[in-house]
Amino acid sequence: MLDACAELLDETGYEALSTTRIAERADVAIGSVYQFFPDKRAITQELTRRNVEQFVSRVGRRFLEEDYRGWWEAVDAIIDEYVDMHRTVPGFRSLHFGDVVDLNLLDSDSDNNTVIAGRLRGLLLAEFGLADSHELDVAVLVAVEAGDAVLKLAFRRDQNGSQEIIEAAKHLVRGFLSRQLKSWSPRD
């Protein structure tokens, strides 16, 4: 049902999405949909959770498999995963992390990007031993918000993502975090 929802989101958008259409696409009875999800919002919420888990898992896997000279290369890898998922994961480009539907899909107390920032902050802390602080929290949250906005622009300009704007997003995020973390950043 989640796969059917993802496909329909890409084809028709959220407004045209319905539980009936999801059931038809998934080739299940409408009662089966309602057994697990009370409405289309609940289905998109679960799809968003799945996307976030997949995103964090993919980033975590890269952190395990690849060696980075520093956090700035990890930031590029995070952005690369976001871009790849936007291009290849059904429903991701339509829903991102739920912001099209509801800014609080992932957690009723925090907006979606705050939840994402917390997960990415945890990965950066574990991998690079950055000092845990309120300043780090704010820096990662602002970087996620700024990066998200610029990456959305990249995909509004070009269905596959304007490479020029994707690179600009990387420079923006690295530059901002470099100043906030007072760490060495790569020469550009």
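Procedures and definitions
- Residues numbered from 1 in each chain as written.
- Predicted model: local features only at pLDDT ≥ 70, side-chain atom pairs only at ≥ 80, totals over all residues.
- Heavy atoms only, no water.
- Helix = DSSP H or I, 4+ residues; strand = E, 2+ residues; numbered from the N terminus.
- Buried < 20%, exposed > 50% of the residue type's maximum accessible area, 1.4 Å probe, protein only.
- Contact = heavy atoms within 4.5 Å.
- 1 Å grid on protein atoms, 1.4 Å probe; cavity = no way out; pocket = protein on both sides within 12 Å on 5 of 7 lines; lining within 4 Å.
- Points joined across faces, edges and corners; volume = space filled by probe spheres on them.
- Nonpolar A, V, L, I, M, F, W, Y, C, P; charged D, E, K, R; others polar.
- pLDDT = per-residue confidence, 0-100.
- Axes fitted to C-alpha atoms, helices over the stretch in contact; angles between N-to-C directions.
- Parallel < 35°, antiparallel > 145°, perpendicular 65-115°, else oblique.

Looking only at helices and strands, the chain has nine helices and zero strands in total. When the helices and strands of the chain are listed from N to C terminus, the series reads α-α-α-α-α-α-α-α-α. Taking all 188 residues of the chain together, the buried fraction comes to 47%. For the chain, contacts bridging at least 24 residues in sequence account for 60% of all contacts bridging at least 6.

Attention now goes to unusual backbone geometry. Phi at aspartate 27 takes a positive value of approximately 60°, unusual for a residue other than glycine. On the accessibility criterion, aspartate 27 (70% relative accessible area) is exposed.

Scanning all chains against the criterion turns up one cavity of 30 Å³ or more. Estimated volume of the largest cavity: approximately 260 Å³. Together, 18 residues line the largest cavity, and Ile78, Ile79, Leu120, Ala143 and Val144 are the ones closest to its centre. Mapped by element, the contributors of at least two residues to the lining of the largest cavity are helix H5 (71-88), helix H7 (112-128), helix H8 (134-157) and helix H9 (163-181). When grouped by side-chain class, the residues that make up the lining of the largest cavity number 15 nonpolar, two polar and one charged.

This next bit is on the confidence of the model for the chain. Residues of the chain with pLDDT of at least 70 account for 87%, and the chain-wide mean is 84. Averaged pLDDT values for the elements of the chain fall to 76 in H7 and rise to 97 in helix H2 (residues 19-26). Counting contacts from residues 100-104, a segment whose pLDDT is below 50, to residues more than four positions away or on other chains yields 15 contacts. Taken as a whole, residues 183-188 scores under 50 in pLDDT and shows eleven contacts with residues more than four places along the chain or in a different chain.

The contact between H8 and H9 brings their axes to 9 Å, and the two run at 170°. Taken together, the axes of H8 and H9 are roughly antiparallel relative to one another. Residue-level contacts link Leu136, Ala139, Val140, Val142, Ala143, Ala146, Gly147, Val150, Leu151, Leu153, Ala154 and Arg157 of H8 to Ile165, Ile166, Ala169, Leu172, Val173, Phe176, Leu177, Gln180 and Leu181 of H9. A per-class count over the contact of H8 with H9 returns 18 nonpolar, two polar and one charged.

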